[in-house]
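# Structural overview for review
Single-letter residue listing:
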Amino acid sequence: MHGLGTEAAFEVLARANALRRQGRDIINLCIGQPDFPTPGHIVEAGRKALADGHHGYTEANGILPLREAVAADIVRRHGVDVSPERVLVVPGGKVTMFFAIMMFGEPGAEIIHPCPGFPVYENVIRFSGATAVPMPLYESKGFSFSAEEVLGLITPRTRLLILNSPANPTGGVVPKEELDKLVAGLARHPGVAIMSDEIYGEMIYDGTYTSLLRYPEIADRLIILDGWSKTYAMTGWRLGYGVWPESLVRPAERLAINSHSCVNASAQYAGIAALTGPREPVNRMVKAFAERRDAFIPALNALPGLSCRMPGGAFYAFPNIARTGLDARTLQARLLEEAGVAALAGTSFGDMGEGYLRFSYAAGLDTLLEAAKRIGAWLERRNASEEA
Ligand code: PLP
């Protein structure tokens, strides 16, 4: 248990809140959740479910109308038919990740994960006893990967390959050509399963992203992680789903029965309303994220010592901070304590995150521009005092 890592976002959030309680004015750009409320018709569906008496356990894999709504949504988004029997509804996106990694991880096994990447992958891989093999993502390649390099990491001990596009923390989106090459190469490695974390799949600003669901040749070893948290601003409802290969869906369901029994019933009804209701609230949120991105990234690029690529998806900016001369954790701490801006050190996402900070731009435009102003003023003060 001592070796189990955590998510730095929650630690920085606690420090930011402690500073606020002392009366400090802190801008919080460290946490990855939409700053919008859950759309009203979804809240109403959850409320109605409670009023209608949906207070008991449900089927462990999720109520059928919800799994059917997920299947219909997959047809709408990806044009792919998936049986509702392969859908496992779980309390949040993280649960699919935990189940998949625990299913494949054991001492001697290797699991490949994106680096920099969502820290829970590496934490759980190590917890399972497996060896975590980082798949490097380079700024120069738009934080995508080279299929050749990924295929080169596969050994006879590789059990699972974790992919995440659009990505946390970089906002990188893997181009379809690279996925085509990867899937073609995976034909030589039939024993390797794939978990594709597509939780930011609807937060895309230039072009499109390609779901791994579109490759039938890997359907028998592909686990899709998705959910409602980001797309529908529902992080606190704890609602996610996995699409599992036929051979793994019952084992995954047994993990659900042995851990959480089922997802709370009212959240499942709210989930149906989210998928079957108007798209307009989602479109509005995505448009707002796009506008913020278009203003915040140039504002970061105007700061001395920072340079930031335009992220293609999700709601994160991942600027290169090497020219400030500070390492990521020092800059994270000093910006919080001295400039009143909470961001996350890139190293919270693995070793390859050194030299970067992550900002979540799920915050109002004025707040984002004020944050950039504060950071700029702090950097200038620091540069001036160093010169003096
Ligand atoms: N996957 C990625 C890449 C994420 O960034 C997150 C949350 O930040 C999750 C999964 C987990 O989402 P949830 O809150 O639904 O568990």
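Residues numbered from 1 in each chain as written. Predicted model: local features only at pLDDT ≥ 70, side-chain atom pairs only at ≥ 80, totals over all residues. Heavy atoms only, no water.

### Quick look at the sheet that holds strand β8 (residues 240–243)
The mixed open sheet is built from 7 strands, whose spatial order is β2-β8-β7-β6-β5-β3-β4. Both outer strands of the open sheet, β2 (87–90) and β4 (131–136), are each paired with one neighbouring strand and no more. Taken pair by pair, the neighbouring strands of this sheet meet at an average axis angle of 20 degrees, ignoring direction. Bridge analysis of β2 against β8 gives 4 bridges, and the strand direction is antiparallel. Bridged to V89 within β8 is Y241. (Pairing = 2+ DSSP bridges. Helix = DSSP H or I, 4+ residues; strand = E, 2+ residues; numbered from the N terminus. Axes fitted to C-alpha atoms, helices over the stretch in contact; angles between N-to-C directions.)

### Some points on the state of the cysteines
What is meant by a disulfide is a covalent connection between two cysteines, made through their sulfur atoms. Tallied over the entire structure, the rule returns 0 disulfides. Take C308: it sits in no disulfide, and the sulfur closest to it among the cysteines is that of C30, at 17 Å. Looking at C308, the relative accessible area reads 9%, which means it is buried. (Disulfide = S-S within 2.5 Å. Buried < 20%, exposed > 50% of the residue type's maximum accessible area, 1.4 Å probe, protein only.)

### Things to note about the site of the ligand
Around the ligand, the surrounding shell holds 14 residues, and the nearest of these are G93, D197, Y200, S229 and K230. One of the side-chain N or O atoms of S229 is found 2.6 Å from an oxygen atom in the ligand. K230 is positioned such that a nitrogen or oxygen atom in its side chain is 2.7 Å from an oxygen atom of the ligand. Here the ligand has 400 Å² of accessible area as a free molecule, and 94% of this is covered by the chains. Top element by residues in the shell around the ligand is helix α4 (residues 93–104). It accounts for 3 residues. (Near = heavy atom within 4 Å. Polar contact = N/O pair within 3.5 Å; in protein donor to acceptor, adjacent residues only side chain to side chain. Areas by Shrake-Rupley, 256 points an atom, 1.4 Å probe, with all protein chains shown as cover.)

### Brief notes about the packing of aromatic side chains
Summed over all chains, the structure comprises 11 aromatic pairs. Seen in terms of ring centroids, W228 and Y241 are 5.5 Å apart; in terms of plane orientation they differ by 75 degrees. Their pairing is edge-to-face. Of the two residues, W228 sits in the loop between β7 (222–227) and β8 while Y241 sits in strand β8, which places them 13 residues apart along the sequence. Its relative accessible area of 0% is what places W228 among the buried residues. With centroids separated by 5.7 Å and ring planes inclined at 85 degrees, the aromatic side chains of F296 and F359 adopt a geometry described as edge-to-face. Of the two residues, F296 is situated in helix α10 (residues 280–301) and F359 in strand β12 (residues 357–360); the sequence distance between them amounts to 63 residues. This pair shows no difference in class: F296 is buried, exactly as F359 is. (Phe/Tyr/Trp six-rings, centres within 6.5 Å; stacked < 30°, edge-to-face > 60°.)

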